[in-house]
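Spelled out, the chains give:
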Amino acid sequence: MKVIEHLRQAKDTLVSFEVLPPLKGKGINALWEHLDPLMEFKPSFINVTYHRSESMFKRRIDGVFEKVEVRKRPGTVGICAAIMNRYKVDAVPHLICGGFTRQETEDALIDLAFLGIDNVLVLRGDAARNEGSFEPEPGGNKFATELMQQVINMNNGLYLEEDLKGAVKTNFCIGVAGYPEKHFEAPNLASDIQHLKKKVDGGAEYVVTQMFFDNQKYFQYVQACKEAGINIPIIPGLKPITSKKQLTVIPRTFHVDIPVELYSAIMACKTDAEVEQVGTEWLQQQSKELKAAGVPVLHYYTLGKPHVIANVVRNVF
Ligand code: FAD
């Protein structure tokens, strides 16, 4: 079922989760160990992130370094199919522009359609590690809007081979990303919201936000989006802080602020267990307030901490 249908049928706030594919060599059981304890909360859908390959230098036997492409977390499409098969829950693969030609994107979408996966979260992706700024593949999509247009074309039966006769129309529900604290490349929040509006006008059916730790930023963002004419559901993305290291890693990686109160409480902790307790309680309070405000879904980035998410969801629903 499409995410948008889940949202339309919902009588209360729903729950959804986001997982990463296991590291190469780990096997699918690593994912089941992560997800099994979360299934009691009956998530409406589970997102699976996509990770592009990275260029690395590896030393050959003759001592010379050679540049190789390494994909650490392959398997997004297969994992989506496996999740749907094991749990009978809708899976939402993340689809990115980076590293894909349009032809490869089309092939991936054909695979997804064959597997009965009718949801995609359409994203641009970040710059590769060796690039200063995002560069599309030659013949690839440059912005999420372009990738989205390709999905919409296929939903209308328009494939890259224009002379393909009687092509089957795909039926994807399209979600896109939004940034309550602004995308880091955008000159200001207003222009970022204008780009989000283009995604919405182009056919996006819902938005999932970047994580945030201050609910006011989400509420203000939703209001600003409304004022810009964006009237589709905006799903809050939520993540717990469970280590002191994350106080610097999260802002650097995701370009979001840690509120002073949360920062001070974590800095006062003496053990990792105390940090996890503070992070869990903060996420619980955030979740309760968002649920009371009637948000459509609480979407949890579970990233290796399923027991923390389980504790939060148990206390919120
Ligand atoms: P876009 O919407 O294309 O926007 C990128 C930037 O360009 C923004 O600053 C925007 O304001 C600007 N912009 C947009 N259109 C135009 C235009 N026409 N002209 C000029 N500027 C424009 N990354 C992954 O690699 N894999 C994942 O699985 C993944 N999952 C994510 C899930 C969520 C919920 C979120 C919020 C992010 C996720 N990301 C993921 C990260 C995402 O790929 C990066 O944040 C990326 O830098 C931007 O992606 P986007 O889809 O928001 O890009």
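Structure shown above.
For the structure given in this document, a descriptive report is provided here. Quick caveat: nothing in here was measured; it's all calculated off a predicted structure. (Residues numbered from 1 in each chain as written. Predicted model: local features only at pLDDT ≥ 70, side-chain atom pairs only at ≥ 80, totals over all residues. Heavy atoms only, no water.)

Some points on the packing of aromatic side chains
Here the structure, examined in full by the defined rule, presents five aromatic pairs. Plain terms: the ring middles of Trp-32 and Tyr-87 are 5.5 Å apart, the flat faces sit at 90° to each other, and that makes the pair edge-to-face. With Trp-32 in helix H2 (residues 29-35) and Tyr-87 in helix H3 (residues 76-87), this pair connects stretches of sequence that are 55 residues apart. Judged by centre distance (5.3 Å) and plane angle (15°), the ring pair of Phe-212 and Tyr-218 falls under stacked. In textbook terms, an aromatic cluster arises when at least three aromatic residues are bridged by ring pairs, as seen for Phe-212, Tyr-218 and Phe-219. (Phe/Tyr/Trp six-rings, centres within 6.5 Å; stacked < 30°, edge-to-face > 60°. Helix = DSSP H or I, 4+ residues; strand = E, 2+ residues; numbered from the N terminus.)

Focus on the sheet that holds strand S9 (residues 234-238)
The eight strands lie next to each other as S1-S2-S5-S6-S7-S8-S9-S10, forming a closed barrel whose pairing is parallel. Averaged over all neighbouring strand pairs, the angle between strand axes comes to 30°, with direction disregarded. The strands touched by H3 are strand S1 (14-19), strand S2 (45-48) and strand S5 (90-96); relative to S5, the strand with the most contacts, the crossing angle is about 170°. In this fold helix H11 (residues 306-316) packs onto S1 and strand S10 (297-301), with an angle of close to 165° to the strand it touches most, S10. (Pairing = 2+ DSSP bridges. Axes fitted to C-alpha atoms, helices over the stretch in contact; angles between N-to-C directions. Contact = heavy atoms within 4.5 Å.)

Re the pairing of strand S8 (residues 206-211)
Taken across its six residues, S8 has six buried, putting it largely inside the fold. Where strand S7 (residues 173-178) lies against S8, four bridges are found, and the strand directions are parallel. Opposite Val-176, over in S8, you have Val-207 as the bridge partner. You can see the chain leave S7, run along helix H6 (residues 189-202) and come back into S8, and the turn it takes is right-handed. Bridging between S8 and S9 involves three bridges; their strand directions are parallel. In the sheet register, Val-207 faces S9, and the bridge partner there is Ile-234. Taken together, S8, helix H7 (residues 215-227) and S9 form a β-α-β motif whose crossover is right-handed. (Buried < 20%, exposed > 50% of the residue type's maximum accessible area, 1.4 Å probe, protein only. Right-handed = clockwise from strand over helix to strand, strands pointing away.)

A short note on H6
Over its 14 residues, H6 extends 20 Å from the first C-alpha to the last, a length consistent with the 20 Å expected when each residue adds 1.5 Å. Of all the residues in H6, the buried ones are Asp-192, Ile-193, Leu-196, Lys-197, Lys-199 and Val-200. Considered in projection along H6, the buried side chains sweep an arc of 160° and stay on one side of the axis. Structural note: H6 exposes Ala-190 and Asp-201 on the side pointing more than 90 degrees away from its buried face. If you follow the buried residues of H6, they end up packed against helix H5 (144-155), S7, S8 and H7. Capping the start of H6 is the job of one residue whose side-chain oxygen sits 3.3 Å from the backbone nitrogen of Ala-190: Asn-188. Following H6 by one or two positions, Gly-203 adopts a phi angle in the positive range, close to 130°. (Expected span 1.5 Å × (residues − 1). Arc of directions from axis to C-beta. Polar contact = N/O pair within 3.5 Å; in protein donor to acceptor, adjacent residues only side chain to side chain.)

What to know about the packing of helix H9 (residues 260-267) against helix H10 (residues 272-292)
Between two packed helices, the angle of one axis relative to the other and the distance separating the axes together describe the packing. Look at H9 against H10: their axes get within 9 Å of each other, and the N-to-C directions meet at 155°. The orientation of H9 relative to H10 falls into the category roughly antiparallel. Of the two possible hands of crossing, H9 and H10 adopt the one that is right-handed. Here Glu-261, Leu-262, Ala-265 and Ile-266 of H9 lie close against H10, whose contacting residues are Val-275, Val-278 and Trp-282. (Parallel < 35°, antiparallel > 145°, perpendicular 65-115°, else oblique. Left-handed = near helix turned anticlockwise from the far one by under 90°.)

Describing the side chain of Asn-47
For Asn-47, the location among the structural elements is in strand S2. One polar contact links Asn-47 to His-94, side chain to side chain, over a distance of 2.9 Å.

Section: the pattern of salt bridges
A pair can form between side chains of opposite charge whenever their charged atoms are brought close. As enumerated under the stated definition, the model contains twelve salt bridges in all. In this structure, Glu-54 engages Lys-72 in a salt bridge whose closest nitrogen and oxygen atoms are separated by 3.9 Å. Here Glu-54, found in strand S3 (residues 54-59), pairs with Lys-72, found in the loop between strand S4 (65-70) and H3; they are 18 residues apart in sequence, far enough to count as distant. Taking the relative accessible area as the measure of exposure, Glu-54 reaches 17% and is therefore buried. Residue classification places Lys-72 among the partly exposed residues on the basis of a relative accessible area of 37%. Put simply, Arg-60 and Asp-62 hold a salt bridge, and the shortest N to O gap is 2.8 Å. Each of the salt bridges in this network shares a partner with another, and the network as a whole consists of Glu-54, Lys-72 and Arg-129. (Salt bridge = Lys/Arg side-chain N within 4 Å of Asp/Glu carboxyl O.)

So, the site of the ligand
Near the ligand, the surroundings consist of 23 residues, among which Asp-126, Tyr-179, His-183, Asp-192 and Lys-199 are the closest. Within the side chain of His-183, an N or O atom sits 2.8 Å from an oxygen atom of the ligand. With the chains in place, 84% of the 970 Å² that the ligand exposes on its own is no longer accessible. Its residues assigned to classes, the shell around the ligand shows eleven nonpolar, seven polar and five charged. (Near = heavy atom within 4 Å. Areas by Shrake-Rupley, 256 points an atom, 1.4 Å probe, with all protein chains shown as cover. Nonpolar A, V, L, I, M, F, W, Y, C, P; charged D, E, K, R; others polar.)

Digging into the nonpolar core
Residues Ile-83, Val-120 and Tyr-300 are the most contacted members of the largest nonpolar core, which totals 61 residues. Among the elements that make up this core, the one with the highest residue count is H5 (six residues). When near neighbours in sequence (up to four residues on either side) are disregarded, Val-120 contacts Val-92, Pro-93, Leu-95, Leu-109, Leu-112, Val-151, Phe-172, Cys-173, Ile-174, Gly-175 and Tyr-206. One finds Met-211, Ile-258, Cys-269 and Val-297 within the second-largest nonpolar core, a separate group that totals 30 residues. (Core = buried A, V, L, I, M, F, W, Y, C linked by side-chain atoms within 4.5 Å.)

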